[in-house]
Amino acid sequence: MMKVESFGHLQTGQEAHVYTIENEVLRVQISNYGATIVAVYDKVLQRHLALGYDSAQDYETKHGQLGATVGRVANRIANAAYTWNGTVHQLTANNGPNLLHSGKGNIGHRLWDAVEENCSDTVVHLSHSITSEEDGFPGDFYVEAVFRLVEQTLVVTYVYTTSEDSFVNLTNHVYFNLHGEGDLSNHVLELGAHQYMPFGDHQIPQLEPASVDGTPFDFRNGMDLQKALEHYADALSQYKGYDHDFVTTPVEGSKTVDSVVPFAVLQGKDVTAVFHTDAPHFQVYTGNWLDEDGRERHYGSHAGIAIEPQFVPNDINMNGESKTKADTVYERTIAYSFYHR
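> Looking at this structure, I do not really get the overall build of the chain. What am I missing?
When helices and strands are counted, the chain shows four helices and 30 strands. The C-alpha atoms of the chain give 19 Å as radius of gyration, which agrees with the globular expectation for 341 residues (20 Å, within 12%). Each principal axis of the C-alpha distribution contributes one length, and for the chain these read about 55 × 50 × 35 Å. Of all 341 residues assigned to the chain, the portion counted as buried reaches 59%. Contacts in the chain between residues far apart in sequence, at least 24 positions, make up 65% of those at least 6 positions apart. Carbon and sulfur atoms make up 45% of the accessible area of the chain, which amounts to about 13,700 Å² in all. Put simply, the chain has 21 plus and 45 minus side-chain charges, and the middle of one group is 4 Å from the middle of the other.

Put into structure tokens, the structure is as follows:
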């Protein structure tokens, strides 16, 4: 069976736990605080591939959202407001004028329950529910998160439903640094995406995607991230790096895992991570605002990269692709595969 340990106590006095699953290649730790990926440890290279903290208290008080399951609505909502059935709902802004990652209602900052009968030495199964009153979105929201190891792949599946017509935009906010040290130097990112979402005001995407041709966002042939951050520093200066949404497109030549398409490849010096999703968009965030002590070292700006599959930010006020019908079950899958070079 999977190993269960105390992960410390929250400010409420509640105890959080951390669950360890492993196989020959990977050892992964998941906390029930925020359904959080605490560690992705490569047993062959004997190295942490993902950023993490040492205790639940750190996850509660620090700002990086490292590895958290973010929702019910991830990313930014313009002016912290949305219109639903003809009524304007005003929420509390926490990112300039915007609401970011659902603010105080963020399920990444709440204790989840373990579905113990479904857990094993390679599977962690967690569940959580939040009421409309708690996060300000329509209907009550119920979600299950299943983390499972399949050979060299960590598969994350979210299954969710809402009690009324609503909208849900879930993702995981795990950051990778394949060298376990330093910044994003010698990390080559390749994306299938040939379109990205240009920003209007306050990092809210405009309605229509634009071509990546001739922009800092063209990763189709791969770019060293640290070199790209330096080369395009002026164009990205407002954001201190990449924090942008792309339209999901498969990467040529990579194989499908668990029926979800590969859309991003991150190559380190001796290990390659391949990201798979069924989401229509994804955000690339190069940890621009990180400045805190994590596991084993200080995480500064660009200490890791988060690649977050999701619906387009502010979708609630745009296309409505993230809409849910009452009492209907939805599913989202993200898979992270690691290959040694």
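Next comes the rest of the description.
> Sorry, what's going on with the sheet that holds strand β23 (residues 261-267) here?
Backbone hydrogen bonds are what pair the strands of a sheet, in a parallel or an antiparallel way. Strand order in this open sheet of nine strands is β11-β12-β13-β14-β30-β24-β23-β18-β21, and the pairing throughout is antiparallel. The open sheet has two free edges, formed respectively by β11 (113-114) and β21 (223-224), since each of these has just one partner strand. As defined by bridge partners, β23 adjoins strand β24 (residues 271-277) across six bridges and the pair is classed as antiparallel. Counted as the bridge partner of Ala-264 is Phe-275 from β24.

> Where do I start with the sheet that holds strand β2 (residues 15-22) in this structure?
Overall, antiparallel pairing links the five strands, which are arranged β1-β2-β3-β4-β5 in an open sheet. Looking at the sheet topology across the chains shown, the edges are occupied by β1 (3-9) and β5 (47-48). Two strands pair when backbone bridges link them, and strand β4 (residues 36-42) and β5 are joined in this way by two bridges, in the antiparallel orientation. Its bridge partner being in β5, Asp-42 is matched across the sheet by Arg-47.

> So what exactly am I meant to see when it comes to the nonpolar core here?
Among soluble globular proteins, nonpolar side chains are generally buried collectively. In this structure, Val-40, Phe-147, Phe-176, Leu-189 and Tyr-336 are the most contacted members of the largest nonpolar core, which totals 60 residues. If one sorts the elements of this core by residue count, strand β13 (residues 141-150) sits on top with five residues. Phe-7, Leu-10, Leu-51 and Tyr-285 belong to the second-largest nonpolar core, a separate cluster that totals 17 residues.

> Help me understand a negative patch on the surface in this model?
Where like charges cluster on the molecular surface, the negative patch consists of Glu-133, Asp-140, Glu-164 and Asp-165. Mapped onto the secondary structure, Asp-140 falls in the loop between α2 (132-135) and β13.

> Explanation requested: the pairing of strand β8 (residues 81-84) in the structure shown.
On a regular strand, one side chain projects to one face of the sheet and the next to the other, so that they alternate. For β8 and strand β9 (residues 87-90), the ladder comprises four bridges, and the chain directions are antiparallel. When the bridges of β9 are listed, Tyr-82 appears paired with His-89.

> What am I meant to see in the pattern of salt bridges here?
Oppositely charged side chains can form a pair if their charged atoms are brought close together. Under the counting rule described, the total for this entry stands at ten salt bridges. Notably, a salt bridge pairs Asp-278 with Arg-332, separated by 3.0 Å at the nearest N-O pair. Here Asp-278, found in the loop between β24 and β25 (281-285), pairs with Arg-332, found in strand β30 (residues 330-340); they are 54 residues apart in sequence, far enough to count as distant. Taking the relative accessible area as the measure of exposure, Asp-278 reaches 34% and is therefore partly exposed. Given a relative accessible area of 11%, Arg-332 falls into the buried group. Here the salt bridges do not stand alone but share partners, grouping Glu-22, Arg-27 and Lys-43 into one network.

> Looking at this structure, how should I read unusual backbone geometry?
Across residues other than glycine, the phi torsion is negative in most instances, and most of the peptide bonds are trans. Look at the link from Gly-71 to Arg-72: it is a cis peptide, with omega at 10°. Considering the arrangement of structural elements, one finds Arg-72 in the loop between β6 (69-70) and β7 (76-77). Located in the positive-phi region is Ser-102, a residue other than glycine, with phi close to 70°. Relative to the assigned elements, Ser-102 resides in the loop between β10 (99-100) and β11. You can call Ser-102 buried: its relative accessible area is 4%. Unusually for a residue other than glycine, Glu-296 sits at a positive phi of about 75°. Residue Glu-296 is classed as exposed on the basis of its relative accessible area of 64%.

Rules of the game
Residues numbered from 1 in each chain as written. Predicted model: local features only at pLDDT ≥ 70, side-chain atom pairs only at ≥ 80, totals over all residues. Heavy atoms only, no water. Helix = DSSP H or I, 4+ residues; strand = E, 2+ residues; numbered from the N terminus. Rg over C-alpha atoms; globule rule 2.2 N^0.38 Å. Buried < 20%, exposed > 50% of the residue type's maximum accessible area, 1.4 Å probe, protein only. Contact = heavy atoms within 4.5 Å. Areas by Shrake-Rupley, 256 points an atom, 1.4 Å probe, with all protein chains shown as cover. Lys, Arg positive; Asp, Glu negative; His and termini not counted. Charge placed at Lys NZ, Arg CZ, Asp CG, Glu CD. Pairing = 2+ DSSP bridges. Core = buried A, V, L, I, M, F, W, Y, C linked by side-chain atoms within 4.5 Å. Patch = residues over 30% accessible without salt bridge, like charges linked within 9 Å, V, L, I, M, F, W, Y side chains within 5 Å. Salt bridge = Lys/Arg side-chain N within 4 Å of Asp/Glu carboxyl O.

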